Amino acid sequence: MIQLQAPFTEDKIRALKTGDMVEITGVVFTGRDAVHKWIHDGNEPPVSLKDGIIYHCGPVVVKQEGKWVVTAAGPTTSIREEPYQAGIIEKYGLRAVIGKGGMGEKTRLACAKFGCVYLHAVGGAAQVLAEAIKEVETVYGLEQFGSPEAIWQLRVEKFPVVVTIDAHGRSLHKEIEASSSEKLAEIFSTIKK
Amino acid sequence: MNSTPDVPDVQAVAASSGVSSSKLYETFIEVIRKTSTELPQDVIDCIEAGKKTEEKDSRGAYAMGIITQNIGLAKVKSQPLCQDTGSILFYIHYPSHLDAEVISETARQAVAEATKKGYLRQNSVDSLTGKNNGTNVGPGSPTLHLEPWKKSHFDIRLMLKGGGCENVGAQYSLPDTRIGAGRDISGVKKCILDAVQQAQGKGCGPGVLGVTIGGDRATGYLSSKEQLLRKMNDTNPNPELAKLEKECTDAANELGIGPMGFGGKTTLMGTKVNALNRLPASFFVSISYMCWAYRRQGAEISADGTIQKWLY
Ligand code: SF4
């Protein structure tokens with residue numbers, strides 16, 4: 001298990017390899033469809049994303065005794081941000097993207113070029129991931145985007161992920177897709193007509 | 001309090017019928033709560049078994065460890081297992097002398113209340129306007145399959161099926177030249193394995209497949225979901241289908257896709273197949289993929305709405 005702790009410098013990110021199991025400690029920002037599109041349309045993000053981590057997540061957040069508490073925080077499907085992600089990595093110096101399901105070629109290439117990684121969280125593990133969120137530091141765009149789409153600034157501790165796209169051009173998604181496709185062809189050849 | 005004009009007041013509807021609907025209403029809410037926060041034991045057993053087959057310290061074991069931890073936490077906290085609380089699919093058998101309309105309205109009202117309580121996420125959106133009225137009640141939501149029967153009790157089952165896994169479902173029309181599948185059992189097998197390969201980890205595997213051979217397009221998909229009401233450890237009464245189910249699960253687990261698509265041995269926990277008659281001109285294979293967060297529950301419920309026993 002690799003511990004990835006803030007600050008998320010380019011060196012630390014480049015040291016990660018596809019397949020590594022990682023626990024993150026530091027600050028992450030949630031961002032999903034509305035925010036990605038909004039930044040892509042030319043609006044300045046309200047926070048500095050330099051050396052930052054974006055989490056594709058629409059958390060369930062409730063106010064308890066005047067404080068925000070996250071009660072569910074699983075990842076959402078990342079591929080929807082494929083048209084926007086590479087540009088945001090390039091322009092704002094993002095170091096990691098957390099989500100599920102993997103991303104495409106544009107993002108893979110941007111990760112290699114600018115020193116970013118894609119980290120896959122376990123889909124559906126809403127409770128385990130919520131437990132790893134120790135504090136909601138603040139929220140941006142709550143009125144504008146609504147709760148699930150807002151930018152939540154979260155302090156996480158030992159947040160569990162797997163590196164599936166690294167900063168060296170490798171993608172576990174591509175590799176497993178290729179190996180499983182080969183295996184499928186092999187199985188098909190043994191299925192009698 | 002009834003804040004949605006679309007949802008009639010349960011008590012008012014019940015007043016004119018034979019259903020003790022306040023009891024039934026509470027029971028519906030309890031069925032929803034249990035379904036959303038606890039996995040049935042037969043599914044947990046399969047997840048535990050899958051976890052054991054993954055190599056120590058592998059990514060597969062890591063993912064399965066997080067999954068089992070999540071199952072435990074959700075139950076203890078009585079919080080949704082996964083925040084996508086999914087399509088709400090009810091399968092209801094009811095004593096034929098009761099009023100089906102009242103039962104339906106009671107179910108809808110319970111869904112709205114369970115959403116307010118946080119057992120269900122506000123998860124249903126108007127397809128034209130994109131608006132979410134926050135109740136999970138609207139055209140097609142919840143989906144209610146009602147059937148009267150001669151027995152004196154209810155059998156109410158609920159499945160919550162998330163969007164990620166629903167998106168990787170697939171329907172094949174045989175013959176299919178892309179995968180070389182003809183109109184026979186071998187062709188069906190190819191469809192099933194191809195669907196698993198196409199899904200990769202995107203359906204939050206390890207998954208379970210419900211498959212229907214035959215039917216028209218709509219009944220095929222409908223019936224494939226009903227296969228997911230079967231218990232994981234049951235045996236198909238048709239020996240040919242039982243063999244197909246086992247062969248497909250075994251072969252899928254050779255693909256190496258693994259939990260979440262991280263690589264590993266547990267890609268598929270089970271395959272459940274049935275066959276419907278078809279037209280001579282059509283041959284559909286309809287496949288519904290269920291994620292590891294396999295939320296289905298059900299209960300035998302007396303006519304007055306009291307839960308007698310849980311079914312899973
Ligand atoms: S596919 Fe299942 S586990 Fe994954 S996010 Fe959707 S409902 Fe949750």
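Model, not experiment: these values are computed from the prediction.

J.: Just to check I follow, could you spell out the environment of Arg295(B) for this structure?
T.: All names here are of chain B. Its place among the elements puts Arg 295 in strand 8 (residues 295-302). The exposure class assigned to Arg 295 is buried, which follows from its relative accessible area of 1%. Spatially, the C-alpha atom of Arg 295 lies 8.9 Å from that of Thr 85, the residues being 210 residues apart in sequence. If we skip the residues at most four places from it in the chain, Arg 295 touches Thr 35, Ser 36, Leu 39, Leu 81, Cys 82, Asp 84, Thr 85, Leu 158, Met 159, Leu 160, Gly 162 and Met 290. A polar contact is formed between the side chain of Arg 295 and the backbone oxygen of Asp 84, at a distance of 2.9 Å.

J.: Even after reading the chapter, I still don't get the confidence of the model for chain B, so can you show me in this structure?
T.: Segments scoring low in pLDDT should not have their predicted coordinates read at a detailed level. Residue and element names in this part refer to chain B. Counting all residues, the mean pLDDT for chain B is 94, and 94% of those residues have values of 70 or more. Under a pLDDT of 50 for its full length, residues 1-8 has, in the predicted model, 13 contacts with residues more than four places off or in other chains. Scored by ipTM, the complex comes to 0.94, with pTM at 0.93.

J.: Honestly, empty space enclosed by the protein in this entry has me stumped. Any pointers?
T.: To find leftover empty space, a probe the size of one water molecule is rolled over the atoms. Residue and element names in this part refer to chain A. Evaluated as defined, the whole model comprises 1 cavity of 30 Å³ or more. In this structure, the largest cavity spans a volume of roughly 30 Å³. If you trace the largest cavity, you find it lined by Thr 30, Gly 31, Val 35, Ile 39, Val 47, Leu 49, Ile 54 and Ile 151. Residues of the lining of the largest cavity, tallied by class, amount to 6 nonpolar, 2 polar and no charged.

J.: Mind showing me how you'd approach the layout of surface pockets here?
T.: Each pocket or cavity is described by its volume, and for the largest pocket that value is around 1100 Å³. As for the largest pocket, its lining consists of 48 residues, of which Gly58(A), Val60(A), Gln83(B), Arg121(B) and Asn123(B) are closest to the centre. Going through the elements one at a time, strand 4 (60-64) and strand 5 (67-72) of chain A together with helix 5 (100-116) and helix 6 (163-167) of chain B are the ones with two or more residues in the lining of the largest pocket. Top element by residues in the lining of the largest pocket is helix 6 of chain B. It accounts for 4 residues. In the lining of the largest pocket, the residues fall into 17 nonpolar, 22 polar and 9 charged.

Parameters and conventions
Residues numbered from 1 in each chain as written. Chains lettered and ligands numbered in written order. Predicted model: local features only at pLDDT ≥ 70, side-chain atom pairs only at ≥ 80, totals over all residues. Heavy atoms only, no water. Helix = DSSP H or I, 4+ residues; strand = E, 2+ residues; numbered from the N terminus. Buried < 20%, exposed > 50% of the residue type's maximum accessible area, 1.4 Å probe, protein only. Contact = heavy atoms within 4.5 Å. Polar contact = N/O pair within 3.5 Å; in protein donor to acceptor, adjacent residues only side chain to side chain. pLDDT = per-residue confidence, 0-100. 1 Å grid on protein atoms, 1.4 Å probe; cavity = no way out; pocket = protein on both sides within 12 Å on 5 of 7 lines; lining within 4 Å. Points joined across faces, edges and corners; volume = space filled by probe spheres on them. Nonpolar A, V, L, I, M, F, W, Y, C, P; charged D, E, K, R; others polar.

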